[in-house]
Each structure stands twice: as C-alpha cells, then as structure tokens.
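# Structure at a glance
Below are the chains, spelled out letter by letter.
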There are 2 protein chains.
Amino acid sequence: MQTKQNLDYKQQARLLRALANETRLKIIDALSRGEMHVGALAEATGAEQSSVSKHLAVLRAVGVVDDERRGNEVYYRLLTPCVVEFFSCALRVIKERQA
Amino acid sequence: MQTKQNLDYKQQARLLRALANETRLKIIDALSRGEMHVGALAEATGAEQSSVSKHLAVLRAVGVVDDERRGNEVYYRLLTPCVVEFFSCALRVIKERQA
DNA sequence: TCGCTATATGAGAATAATCGCATACTCTCA
DNA sequence: TGAGAGTATGCGATTATTCTCATATAGCGA
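Residues numbered from 1 in each chain as written. Chains lettered and ligands numbered in written order. Predicted model: local features only at pLDDT ≥ 70, side-chain atom pairs only at ≥ 80, totals over all residues. Heavy atoms only, no water.

## What to know about the sheet that holds strand β3 (residues 73–78) of chain A
Residues and elements named next belong to chain A.
- Spatial strand order, β1-β3-β2: 3 strands in an open sheet with antiparallel pairing. At either margin of the open sheet sits one strand with a lone partner, and together these are β1 (36–37) and β2 (65–70).
- Bridging between β2 and β3 involves 6 bridges; their strand directions are antiparallel. Among the inter-strand pairings, Val 65 is bridged to a residue of β3, identified as Leu 78.
- Running over the sheet, helix α4 (residues 49–61) touches β2 and β3 and is turned about 125° from β2. (Pairing = 2+ DSSP bridges. Helix = DSSP H or I, 4+ residues; strand = E, 2+ residues; numbered from the N terminus. Contact = heavy atoms within 4.5 Å. Axes fitted to C-alpha atoms, helices over the stretch in contact; angles between N-to-C directions.)

Next comes the structure, spelled out in structure tokens:
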C-alpha cells in the first residue's frame, strides 16, 4: 500500500523541483514585490518571453502562482508567499556552508 | 558583470535542486529524527545502498549534511535543521492547491 | 595479511529539464 | 474583419539527473 507519507514526499519533491531553477527564482523574487505581467517578467529576468511563459506554467502547475488576463496582458501573482521564506533558510544554509 | 544577486539565485537553485528529490527528502526526514548510518538510511528509504550513498554526496555537497565515520559505518547528520522548515511551507502550498 | 562488512565511485543507459525558434492563440482597436 | 501586441505551445537539440550494476576503497577482526 502506498502510504500518505510517500505521497507527500512525491509532492514535496515536485514542488521543490518547480522552485529549483534560477530563472524561476528570479520570477518568484520579482513577484514577491507585487504582481507583474509576462513581458515585465521577461525583462526583469533577462530571459526570453517564451521561456518565461514556460517557467510560469511550471510555477502555476504546482500552485505557486496564479494568473489573470487583463486585456492583452496576463498578470501573475504569488499565491503562496511562504515560498519566499524558503529563501531565508536557503541563504542561511549557503552562508553556513561558506563559514 | 555578474551581480551578487545573480550568484545568490544560482546558489539557491543549486540548493533547491539538491532537495528536490523524493529519496533525498526521505533521507532528510529520517535524519531530522537523529543521525543515522548509510545502511540504516538505505533501509529507511527503500533505496539501494549505492543510490543512497550518491544522494548523501549530493546533500553533503551543498552543506545540508555532515558525515563521520565510526568503525565500518559512516554516520550522517543534518547540519541545517532549518531545511526541515521548508517542508511546512511545502505542505501548506500543497494543501492550498488541493483546496 | 586475509576475508568480511560497510560505503563510495565509475560507466552506461534511460529519462527529464531547458532553451531557442517558429508558430498558434487571444485580445484590442481601427 | 484585419493588423498588431502580448502570451502560449510544439518541436528538436542539448544538457542534467537518476538508476543499476560492477568495482574500488576503508576499516574490522581473526
């Protein structure tokens, strides 16, 4: 029998994989300061539009972001701000490693 | 010029990639309850010894775990307990997504 | 030293992630 | 309806990740 625990590991890994990309981290960081549309995110991250669009799809698939079309543009926002807390831990780990 | 920010994204992504694997999550979870040697981790995770050993190398490379040999066995322990905090957020994201 | 146990490492195959380019889709406005 | 802007998607090439099996290394006790 597949335990509930195992399912959690699978889903957690899936979420972490979604976060484990430099461009997606930049996107999340940008969105942590407020919603943005795709073009602005492309500019903010320095990545191609189609690439940003794909990264956003990954983040949306795991429920980290949300999108809303307004006219021609599609605005994205961070659904789960606690994701940003990840990074304070990440920075601590990185700092400790350097020490 | 490569900014400090960009380096941070790169390192954060590296750390997240190290965490983004089901078996490694199981390992971290097991270690959060106390140090364990490789064989015990293999049994706890249900993965092969050589596989566990490689996963441990990945975690060690990013500074999340530490190892110490005692006789024939090598004991691993979690260096950065805050990593476990990741998961409360992860679970929240997953729960919110299901809602 | 020899045999045994525990762990680590290497090679190769299979799978997954990423990127760039081209193109399709969607909405607005004239 | 047609043009143009903004966004999404499909495809192929490249690179990264993961697994398994075989082998190497390290320490133990006889």
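## Considerations on the protein's contact with DNA strand C
- For DNA strand C, the set of nearby residues contains 22 residues, the closest of which are Lys 54 and His 55 of chain A together with Ser 53, Lys 54 and Tyr 76 of chain B.
- Sugar and phosphate atoms form 57% of the subset of DNA strand C atoms that lie within 4 Å of the protein.
- Between DNA strand C and Arg 24 of chain A, the relevant distance is 3.2 Å, taken from a phosphate oxygen to a side-chain nitrogen or oxygen of the residue.
- Separating a phosphate oxygen of DNA strand C from a backbone N or O atom of Val 74 of chain B is a distance of 3.4 Å.
- At the level of elements, α4 of chain A together with α3 (38–45), α4 (49–61) and β3 (73–78) of chain B are the ones that each hand at least two residues to the surface near DNA strand C. (Near = heavy atom within 4 Å. Polar contact = N/O pair within 3.5 Å; in protein donor to acceptor, adjacent residues only side chain to side chain.)

## So, α3 of chain B
Residue and element names in this part refer to chain B.
- Inspection of α3 places Val 38, Leu 41, Ala 42 and Thr 45 among the buried residues, and these make up the whole buried set. Projected down its long axis, α3 shows its buried positions confined to an angular sector of 105°, all on one face.
- Against the buried residues of α3 lie α2 (22–31), β1 (36–37), α4 and β3.
- Note on α3: the residue one or two positions beyond its end, Gly 46, has a positive phi of about 80°. (Buried < 20%, exposed > 50% of the residue type's maximum accessible area, 1.4 Å probe, protein only. Arc of directions from axis to C-beta.)

## Here we look at the relation of the copies chain A and chain B
- When chain A is fitted onto chain B, the two copies agree to an RMSD of 0.0 Å after a turn of 180° and an axial shift of 0.0 Å. Here the symmetry operator amounts to a two-fold rotation axis. Using C-alpha coordinates, one finds that chain A approaches the rotation axis most closely at Phe 86 of chain A, a distance of 2.8 Å.
- Of the residues that chain A buries at the interface, 100% are likewise interface residues in chain B, meaning the two copies contact each other through the same surface. (Least-squares fit on C-alpha atoms with pLDDT ≥ 70 in both.)

## Focus on the protein's contact with DNA strand D
- Taken together, 22 residues surround DNA strand D, and among them Gly 39, Ser 53, Lys 54 and Tyr 76 of chain A together with Lys 54 of chain B come closest.
- Interatomic distance of 2.8 Å between a backbone N/O atom of Gly 39 of chain A and a phosphate oxygen of DNA strand D.
- Here a phosphate oxygen of DNA strand D and a backbone polar atom of Val 74 of chain A are 3.2 Å apart.
- The set of elements that each furnish at least two residues to the surface near DNA strand D consists of α3 (38–45), α4 and β3 of chain A together with α4 of chain B.
- The residue inventory of the surface near DNA strand D, partitioned by class, reads 3 nonpolar, 12 polar and 7 charged. (Nonpolar A, V, L, I, M, F, W, Y, C, P; charged D, E, K, R; others polar.)

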